[in-house]
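Summary of the model geometry
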Amino acid sequence: ILILPMARKAAVIGSAGQLGVELVSELNQRGYQTIGWDRSQLDITDNRQVESVLTPWDPEIVFNAAAYNQVDVAESEPQAAFLVNALAVRNLALACRQLDAHFVHFSTDYVFDGASRRPYLESDPTHPLGAYGVSKLAGELYAQAYLDAPLIVRTSGVFGPGGLRTARGNFVEVMLRLARSGQPIRVVEDHVASPTYAPLLAARTIDLVERGQTGVFHIGGGTPISWFHYAQSIFAVAQPGQSVELHSTNEREYRTAAHRPKFSALSNAKMESVGLDPMPPLDNALRLYFAARDKLLSSSRA
């Protein structure tokens, strides 16, 4: 009699978000028994609720893709950001410790101050500039305080086809919406990040888990790029030959409530050093995005 091993059990917190939907999809494709909860199903700021929901499922791995990511709003309501991005991470870490589950937590390039002139390494000192970055760094520290070997993945500017169905969308969808309005579009050219395609982020993260990696890893898009040039790339891929009135601006002209890091591109060298494939150039990732987007839109019309 051939006895097949039981599928590994995984839980995804924030399963309705851009990254969460990709984690659930990728885990299912790899044969994991996967369950996901979104904000309406699980309040991760409630310690008892976290314990009562996770304990019966008894997962081997818990992925936390939930986050408060309204960077500017966080300046006026830092407590709300801290509750979700820090104290809720503590709740999840405690539950994982109780269940002896592996904890995978997603963090951000905003834990850095942007003063670097090269993509950030995992070993670079952190120095967040605002309430959002502080709350995300606190989440990292809580995970490391309560667990011996969490996996913390820092990423940057996530965009995925799930953004079509989430309330806040993503930068690509914002640009397309502004283009449809026919109004001139102004985008900052003095801030550089590593826009990251959500399905690839999900796949690379699970690759790290399957290789037994722990600690802090960066998984950013393969192209450090300014937001203005990112917008140019979006229109070049989405609307080749069509003219969009796109203008560059800068931090001085375009003030926001939160102070953002000017250069927050991430180095993937550590990820690649453990045998994972490099992330593709941004134009390739955008082509993948629009192919997936078209498929989603056509299936919803069918």
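Residues numbered from 1 in each chain as written. Predicted model: local features only at pLDDT ≥ 70, side-chain atom pairs only at ≥ 80, totals over all residues. Heavy atoms only, no water.

**A few points about the overall build of the protein**
This is how the line gets drawn: Secondary structure is summarised from DSSP: a helix means a run of H or I of at least four residues, a strand means a run of E of at least two, and numbering begins at the N terminus for each. Exposed residues in this analysis have more than 50% of their type's maximum accessible area, buried residues have under 20%, and partly exposed residues fall in between, with area computed by a 1.4 Å probe over protein chains only. In this analysis, two residues are considered to be in contact whenever any of their non-hydrogen atoms come within 4.5 Å of each other. In short, Shrake-Rupley with a 1.4 Å probe defines the accessible areas, and a residue's cover is counted only from the protein chains shown. His is not counted, nor are the chain ends; Lys and Arg add positive charge and Asp and Glu add negative charge. Working definition for charges: the position is that of NZ of Lys, CZ of Arg, CG of Asp or CD of Glu.
Scanning the protein from terminus to terminus reveals nine helices and 12 strands. Along the first, second and third principal axes, the C-alpha set of the protein runs to 65 × 45 × 40 Å. By the burial criterion, 50% of the 302 residues in the protein qualify as buried. Taking the contacts inside the protein whose residues are at least 6 apart along the sequence as the reference set, 80% of them involve residues at least 24 apart. Counting every atom, the protein has about 14,400 Å² of accessible surface; 50% of that belongs to carbon and sulfur. Side chains of the protein give 27 positive and 30 negative charges; the mean places of these two sets differ by 3 Å.

**What about the packing of helix H3 (residues 78–99) against helix H4 (residues 131–146)?**
Rule in force here: What counts as an axis is a line fitted to C-alpha atoms, over the stretch in contact for a helix, and the angles between N-to-C directions run from 0 to 180 degrees. We call two directions roughly parallel when the angle between them is under 35 degrees, roughly antiparallel when it is over 145, roughly perpendicular when it lies between 65 and 115, and oblique otherwise. Should the near helix be turned anticlockwise from the far one by less than a right angle, the crossing is termed left-handed; should it be turned clockwise, right-handed. Amino acids outside the nonpolar list (Ala, Val, Leu, Ile, Met, Phe, Trp, Tyr, Cys, Pro) and the charged list (Asp, Glu, Lys, Arg) are all regarded as polar, and Gly is one of them.
Where H3 meets H4, the closest approach of the two axes is 8 Å, and the angle between their N-to-C directions is 15 degrees. When the axis of H3 is compared with that of H4, the two are roughly parallel. Between H3 and H4 lies a crossing of right-handed hand. Across from Pro78, Ala81, Phe82, Asn85, Ala86, Leu87, Val89, Arg90, Ala93, Leu94 and Arg97 in H3, the residues of H4 making contact are Ala131, Tyr132, Ser135, Lys136, Ala138, Gly139, Tyr142, Ala143 and Tyr146. In the contact of H3 with H4, the residues fall into 14 nonpolar, three polar and three charged.

**A closer look at the nonpolar core**
Definition in use: Residues belong to a common nonpolar core when they are buried Ala, Val, Leu, Ile, Met, Phe, Trp, Tyr or Cys residues joined through side-chain atoms within 4.5 Å.
Within the largest apolar cluster, 46 residues are counted, with the highest numbers of intra-cluster contacts made by Phe63, Phe159, Val172, Val187, Tyr230 and Ile234. Residues Ile13, Leu54, Ala143 and Ile152 belong to the second largest nonpolar core, which totals 23 residues.

**Looking at the packing of aromatic side chains**
Between two aromatic rings, the relevant description is the distance of the centres plus the angle of the planes. Put simply, the rule is: Classification of ring pairs rests on two measures: the distance between centres of Phe, Tyr or Trp rings, Trp counted by its six-membered ring, which must be within 6.5 Å, and the angle between planes, read as stacked under 30 degrees, edge-to-face over 60 and tilted in between. Only when the NZ atom of a Lys or the CZ atom of an Arg is both within 6 Å of the ring centre and within 35 degrees of the ring normal do we say a charge sits over the ring.
Overall, the coordinates contain 11 aromatic pairs when judged by the stated rule. Residues Phe112 and Tyr120 carry aromatic rings whose centres are separated by 4.0 Å and whose planes lie at 10 degrees to one another, so their mutual orientation is stacked. By the burial criterion, Phe112 is buried, and Tyr120 matches it. Ring geometry for Phe171 and Trp227: centres 5.0 Å apart, planes at 70 degrees, overall edge-to-face. Of the two residues, Phe171 sits in helix H5 (residues 171–181) while Trp227 sits in helix H7 (residues 227–238), which places them 56 residues apart along the sequence. The same class applies to Phe171 as to Trp227, namely buried. In this structure, Lys9 packs its charged tip against the face of Trp57, placed 4.5 Å from the ring centre.

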